[in-house]
Structures are given as structure tokens and as C-alpha cells.
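Geometric and topological summary
So the chains spell out like this:
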Amino acid sequence: MATGKKRGLVYGVIGAMLCVAVYLNWSYVQSPDELLVAGQADAELSGASVMQGGADGTDAEQAAGEQAAVTSGSDYFAQSRLAREQARDQAISILKASLQDEKADEKTREDAASQISQLADDSVTEARVESLIKAKGYADAVVFVSEDAVNVIIQPPEAGFAAEDAAVVRDIVMSETGADASQIKIVEAA
């Protein structure tokens, strides 16, 4: 009875951590203005030195604006990857504790080892899919693989994200993860 409760607790904590990671991802996608403001502040500081040295302030302002957009986008993707890895590391540490628990039965240990292996596989798959998306010419992407879904947040090309772009990304995800098209969600980072 106690091992069943422990297993349920472990699964609950893992589920909660995954929910936190999804929420963080959602909150970043829903509020890109906050990220843009932070990127613009950095760009304005670096752009101020460019404007002082240049004869034409409008060129410097344009360059600062472009840098803010790039900084904002790359910050989002870096923060998303960091949040994903932190949640995964916490889940793995909880699972490792289950593996090392002398009171845990063999089934609990096997489940924990299996979940650790699955998390490691998901991590490798996410990195591979992100690399392949970048290789196709997209600036950046972050991928979240779960048991029943694959979420891709992608930085759209300057011309905008078209149906052909979605098809390219979907093909990459399907070939690398084995997921059905209905399990794949592609979101443009704003």
C-alpha cells in the first residue's frame, strides 16, 4: 500500500513539474511584449554608443530595433530551453530517489528507470528536432516532446510563417518522433 502511494506521489510530482513547464512556455508565448521590452532596453543601451559615434541617428535607431527583436527572440528560446531542462532535471532527481529507495519494490524501481530512460530519449529527440529545424533555415525553435504530444515554438521567417513552413516542420517532427500530425502543435513566437 505504501509503495503505491509513493508511486502515485512520484507520478504526481512529475505531472506537476511538466504542468509548470507547459505553463511557463504558455506564459512566454502569451506575453512577448515583456520580453521585447527587456530586449529593447539592452539594445537602447548598446545603440546609444552607436548613435554618439554615427552621423545619422536613424540608421543607429534601426540597428538597435533590429537587435532588440533578435535579442528578444533568442532570450525567449534560451529561457524556454532552460525551464524545460530544469523541470526535467527535477523529475529525474525524484525518479533517482525512487531508484535508490531501499523500501521501494522492484516494480517501482523498474518504472522509475523506464521513465528516466524516456526523459533522456525525449531530451535527445528535442535537441535533434531543433537542430533539423534550424538546418532548414529557420532562426530558432524550441521543442517539447511528451507522451501524447509534440509542441514546437518556432521563430518565423521575416516573410512570415506560411503553410509550407508548417508542412516542413511537421514532416521533421513526424519523421524524428513518430508522432501523428494530430499530435503536433506548431506555434509562432511573436
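Here the structure is a predicted model, which is why all the values come from computation and not from measurement.

Criteria and thresholds
Residues numbered from 1 in each chain as written. Predicted model: local features only at pLDDT ≥ 70, side-chain atom pairs only at ≥ 80, totals over all residues. Heavy atoms only, no water. Helix = DSSP H or I, 4+ residues; strand = E, 2+ residues; numbered from the N terminus. Expected span 1.5 Å × (residues − 1). Buried < 20%, exposed > 50% of the residue type's maximum accessible area, 1.4 Å probe, protein only. Salt bridge = Lys/Arg side-chain N within 4 Å of Asp/Glu carboxyl O.

**A closer look at helix α4 (residues 106-135)**
What sets the pattern is the α-helix's 3.6 residues per turn: residues three or four places apart point alike. Over its 30 residues, α4 extends 43 Å from the first C-alpha to the last, a length consistent with the 44 Å expected when each residue adds 1.5 Å. Looking at α4, one finds that the buried residues are Thr-108, Asp-111, Ala-112, Ile-116, Leu-119, Asp-122, Thr-125, Glu-126, Val-129, Glu-130 and Ile-133.

**As for the pattern of salt bridges**
Considering all chains together, one arrives at 10 salt bridges under this definition. Across the pair Glu-130 and Arg-81 runs a salt bridge, and its minimum N-O distance is 3.1 Å. Taken as a pair, Glu-130 in helix α4 and Arg-81 in helix α3 (residues 57-100) lie far apart in primary sequence, 49 residues in all. A salt bridge links Arg-84 to Glu-130; the nearest nitrogen and oxygen atoms lie 2.7 Å apart. Placement of Arg-84 in helix α3 and of Glu-130 in helix α4 is noted, with a sequence separation of 46 residues between them. With a relative accessible area of 8%, Arg-84 lands in the buried category. Residue Glu-130 is classed as buried on the basis of its relative accessible area of 6%. Here the salt bridges do not stand alone but share partners, grouping Arg-81, Arg-84, Glu-85, Arg-88, Glu-126, Glu-130, Lys-134 and Asp-140 into one network.

Purely geometric numbers; function is a separate question.
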